[in-house]
Amino acid sequence: MAAPIIEVFSTEEEVSQKLCQLVVTRANAAIESKGLFTVGFSGGSAAKFLCSGLPKCNTDWSKWRVFFCDERHVPFDDPECTFTIYKENLLSKVPLPEVNVFPLNPDISVEEAAEDYVRKLYSVFTTDPVPRFDVLVLGMGPDGHTCSLFPGHPLLKETNQIAAAISDSPKPPPKRVTLTFPTINNAKCAVFASCGSAKADIVQKVLEDTSGELLPAARVRPVKGEVIWFLDKGAASKLKKV
Ligand SMILES: O=C(O)[C@H](O)[C@@H](O)[C@H](O)[C@H](O)COP(=O)(O)O
């Protein structure tokens, strides 16, 4: 596993631009080579960055297949619904057929929604025993969580399921479906975007502290892929090696 690639920028706007540039560059390369681009989007600030920058980008949206690295198990009209945030702020602005975007089914139990999500993943990754995403766009919470994989949670040890339900998320809402590390670490590229000095301590811990139990974001180490961190100066301000 290669070491994380860390790039620091002066402003959040630059992080956002660089993130969108990377996603579209990888998309166009994947479309060129295999006629398809598979990507996982996260919620939170990643959604803000992608929704602001991607509509301006030049790509064949019809070849994109969009999943969610994690999603809250809430109705589509709930403001916490990540799919709806993307639908209103990105998908409504680009010619990406909604049939190629894969939200959760909120009308079944979270356990059933996880099983349904696995089926949706395999409807696109038809030959992969474990989905191999071209890009996963990740965020990291102040506790070092990523997706809906939280410190100390049993899901960190999941080795079989490619996506799983969680009903006790410490970050509300409690019920979610998340990709698991088998899928995350099978990606070709996992890219984090973290901004703000409030993240400086956790960024330093995740990227430089190898003493303790690895936090979820530190466990993102694609076996045959790369992990990239786009940081602004505030989030990178406590790093010693950058
Ligand atoms: O839907 C979610 O809750 C996200 O997927 C979550 O994992 C997010 O990426 C982190 O909480 C970081 O969020 P921020 O970047 O907004 O701090």
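Look a little higher up for the structure.
Our subject in this report is the structure included herewith. (Residues numbered from 1 in each chain as written. Predicted model: local features only at pLDDT ≥ 70, side-chain atom pairs only at ≥ 80, totals over all residues. Heavy atoms only, no water.)

**A short note on the sheet that holds strand β3 (residues 64-68)**
Step number 1: Reading across the sheet, the six strands line up as β1-β9-β8-β5-β2-β3 and stay open at both edges, with parallel pairing between neighbours. The open sheet is flanked by β1 (5-9) and β3, the only strands paired with a single partner. Across the sheet, the mean angle from the axis of one strand to that of its neighbour is 20°, orientation sign disregarded.
Step number 2: Here β1 pairs with strand β9 (residues 226-232) via five bridges, running parallel. Residue Ile6 lies in a different strand from β9, and its bridge partner there is Trp229.
Step number 3: Across the sheet, helix α4 (residues 110-124) lies against β2 (37-41) and β3, angled at about 160° from β3, the strand it touches most. (Pairing = 2+ DSSP bridges. Helix = DSSP H or I, 4+ residues; strand = E, 2+ residues; numbered from the N terminus. Axes fitted to C-alpha atoms, helices over the stretch in contact; angles between N-to-C directions. Contact = heavy atoms within 4.5 Å.)

**Quick notes on the nonpolar core**
Step number 1: Among the nonpolar cores identified, the biggest contains 86 residues, and Phe41, Leu54, Trp64 and Val137 are the most heavily contacted of them.
Step number 2: In terms of residues, this core owes the most to one element, helix α1 (residues 12-34), which gives nine residues.
Step number 3: Residues in contact with Leu54, not counting those within four places in the same chain, are Cys20, Val23, Val24, Phe41, Trp61, Trp64 and Leu90. (Core = buried A, V, L, I, M, F, W, Y, C linked by side-chain atoms within 4.5 Å. Buried < 20%, exposed > 50% of the residue type's maximum accessible area, 1.4 Å probe, protein only.)

**Describing α4**
Helical geometry note: an α-helix holds 3.6 residues per turn, so side chains three or four residues apart project in the same direction.
Step number 1: Look at α4: 21 Å from first C-alpha to last across 15 residues, which is about the 21 Å you get at 1.5 Å a residue.
Step number 2: The inward-facing, buried residues of α4 abut β2, β3, β6 (163-166) and β7 (176-179). (Expected span 1.5 Å × (residues − 1).)

**Section: the site of the ligand**
Step number 1: With respect to spatial proximity, 15 residues lie near the ligand, and among them Ser45, Asp70, His145, Cys147 and Lys199 are the closest.
Step number 2: Gly43 has a polar backbone atom sitting 3.2 Å from an oxygen atom of the ligand.
Step number 3: Burial of the ligand by the surrounding chains reaches 90%, relative to a free accessible area of 420 Å².
Step number 4: Across the shell around the ligand, the residue classes break down as two nonpolar, eight polar and five charged. (Near = heavy atom within 4 Å. Polar contact = N/O pair within 3.5 Å; in protein donor to acceptor, adjacent residues only side chain to side chain. Areas by Shrake-Rupley, 256 points an atom, 1.4 Å probe, with all protein chains shown as cover. Nonpolar A, V, L, I, M, F, W, Y, C, P; charged D, E, K, R; others polar.)

**Some remarks on the side chain of Lys199**
Step number 1: Structurally, the position occupied by Lys199 is in the loop between β8 (189-194) and α6 (200-208).
Step number 2: Discounting chain neighbours no more than four positions away, the residues touching Lys199 are Met140, Gly141, Pro142, Ser194 and Ala235.

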